[in-house]
Amino acid sequence: MTIAQVSLRDGMMKLPGEAGEKGTLLGSRCGNCGERFFVIREICESCQSTSLEDIQLSATGSLYAFSVMYYPPPPPYRGPDPFVPFGIGWVELPEGLLVYLPLTESNPRKLQVGMKMDLTFGVFTEDEQGNDIIVPLFAPRQEE
Ligand SMILES: [Zn+2]
């Protein structure tokens, strides 16, 4: 059986490629007012323009706020661990955009507002066909 990797949601990310290409977060930029959004959309929330272009968002940011969840995520998550407990947070991207995504770190003592975060991808759960559902996550930057 072949296990495919599928995105959690359409228009959210470009998955990492087998040839080592990095995955990215996808979004939209409004051609009228310049507002940027995480996850591709058809209509600008700020000015209702429909002249949006797809963009790739930065893969690094800083932690703006976070919390730790001790209950399972909503469907399509089908359990079991390792997703509980999990950290989740708002990460501020250089584009001036806040994105709300799970974190690789769930220990609040290892998380700090303002710390540098790097985008990564992980298996969230599997769908009914056994495919891995991939989710974007932010990881605290490793010290060099
Ligand atoms: Zn707009």
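Okay, so let's go over this structure. Note that this is a predicted model, so its numbers are computed, not measured. (Residues numbered from 1 in each chain as written. Predicted model: local features only at pLDDT ≥ 70, side-chain atom pairs only at ≥ 80, totals over all residues. Heavy atoms only, no water.)

### Considerations on the overall build of the protein chain
Along its length, the protein chain carries zero helices and 10 strands. Taking 144 residues into account, the globule formula puts the C-alpha radius of gyration at 15 Å, and the protein chain, at 16 Å, falls close to it. With the principal axes as the frame, the protein chain shows a C-alpha extent of 45 × 40 × 30 Å. A buried classification covers 40% of the 144 residues belonging to the protein chain. Only carbon and sulfur atoms are counted for the fraction: they give 49% of the accessible area of the protein chain, which is about 8700 Å². Distance between charge centres in the protein chain, computed from 11 positive and 19 negative side chains, equals 6 Å. (Helix = DSSP H or I, 4+ residues; strand = E, 2+ residues; numbered from the N terminus. Rg over C-alpha atoms; globule rule 2.2 N^0.38 Å. Buried < 20%, exposed > 50% of the residue type's maximum accessible area, 1.4 Å probe, protein only. Areas by Shrake-Rupley, 256 points an atom, 1.4 Å probe, with all protein chains shown as cover. Lys, Arg positive; Asp, Glu negative; His and termini not counted. Charge placed at Lys NZ, Arg CZ, Asp CG, Glu CD.)

### Overview of the coordination of the zinc ion
Looking at the metal site, the zinc ion is ligated by C30 (SG), C33 (SG), C44 (SG) and C47 (SG), spaced 2.3 to 2.4 Å from it. Note that the zinc ion binds four donor atoms; their angles at the metal cover 104 to 119°, and the shape is tetrahedral. In the primary sequence, the donor residues of the zinc ion line up as C-x2-C-x10-C-x2-C. For C44, a relative accessible area of 1% gives the class buried. (Donors = N, O, S within 2.8 Å, 3.2 Å for Na, K, Ca; no water. Tetrahedral: all angles 85-135°; square planar, octahedral: opposite > 155°, others 65-115°.)

### Focus: the packing of aromatic side chains
Summed over all chains, the structure comprises one aromatic pair. Relative to Y100, the ring of W90 lies with its centre 4.7 Å away and its plane at 35°, an arrangement referred to as tilted. Of this pair, W90 sits in strand β7 (residues 86–92) while Y100 sits in strand β8 (residues 98–103), and the two are 10 residues apart along the sequence. By relative accessible area, which is 38% here, Y100 ends up partly exposed. (Phe/Tyr/Trp six-rings, centres within 6.5 Å; stacked < 30°, edge-to-face > 60°.)

### Considerations on the layout of surface pockets
Approximately 310 Å³ is the volume found for the largest pocket. P73, P74, I88, P102 and F124 are the residues nearest the centre of the largest pocket, which is lined by 17 residues in total. For the lining of the largest pocket, the secondary structure elements donating two or more residues are β7 and β8. Broken down by element, the residue count for the lining of the largest pocket peaks at three residues, all from β8. Grouping the constituent residues of the lining of the largest pocket by class yields 17 nonpolar, no polar and no charged. (1 Å grid on protein atoms, 1.4 Å probe; cavity = no way out; pocket = protein on both sides within 12 Å on 5 of 7 lines; lining within 4 Å. Points joined across faces, edges and corners; volume = space filled by probe spheres on them. Nonpolar A, V, L, I, M, F, W, Y, C, P; charged D, E, K, R; others polar.)

### Section: unusual backbone geometry
Even without being glycine, V39 reaches a positive phi, approximately 85°. Tracing the backbone shows V39 in the loop between β4 (36–38) and β5 (52–57).

### A look at the pattern of salt bridges
Overall, the coordinates contain three salt bridges when judged by the stated rule. For E53, the salt bridge goes to R29, with nearest N and O atoms at 2.6 Å. In this pair, E53 is assigned in strand β5 and R29 in strand β3 (residues 24–30), connecting sequence segments 24 residues apart. Between D118 and R141 there is a salt bridge whose closest N-O contact spans 2.8 Å. Residue D118 is located in strand β9 (residues 116–126), and its partner R141 is located in the segment after β10 (132–140); the two are separated by 23 residues in the primary sequence. R141 sits in the partly exposed class, given a relative accessible area of 36%. (Salt bridge = Lys/Arg side-chain N within 4 Å of Asp/Glu carboxyl O.)

### Description of the environment of L103
The topology assignment puts L103 in strand β8. Taking the relative accessible area as the measure of exposure, L103 reaches 4% and is therefore buried. Between the C-alpha atom of L103 and that of Q129, which follows or precedes it by 26 residues, the distance is 26 Å. Setting aside residues up to four positions removed in sequence, L103 forms contacts with L63, F66, G87, I88, G89, L111, M117, L137 and F138. (Contact = heavy atoms within 4.5 Å.)

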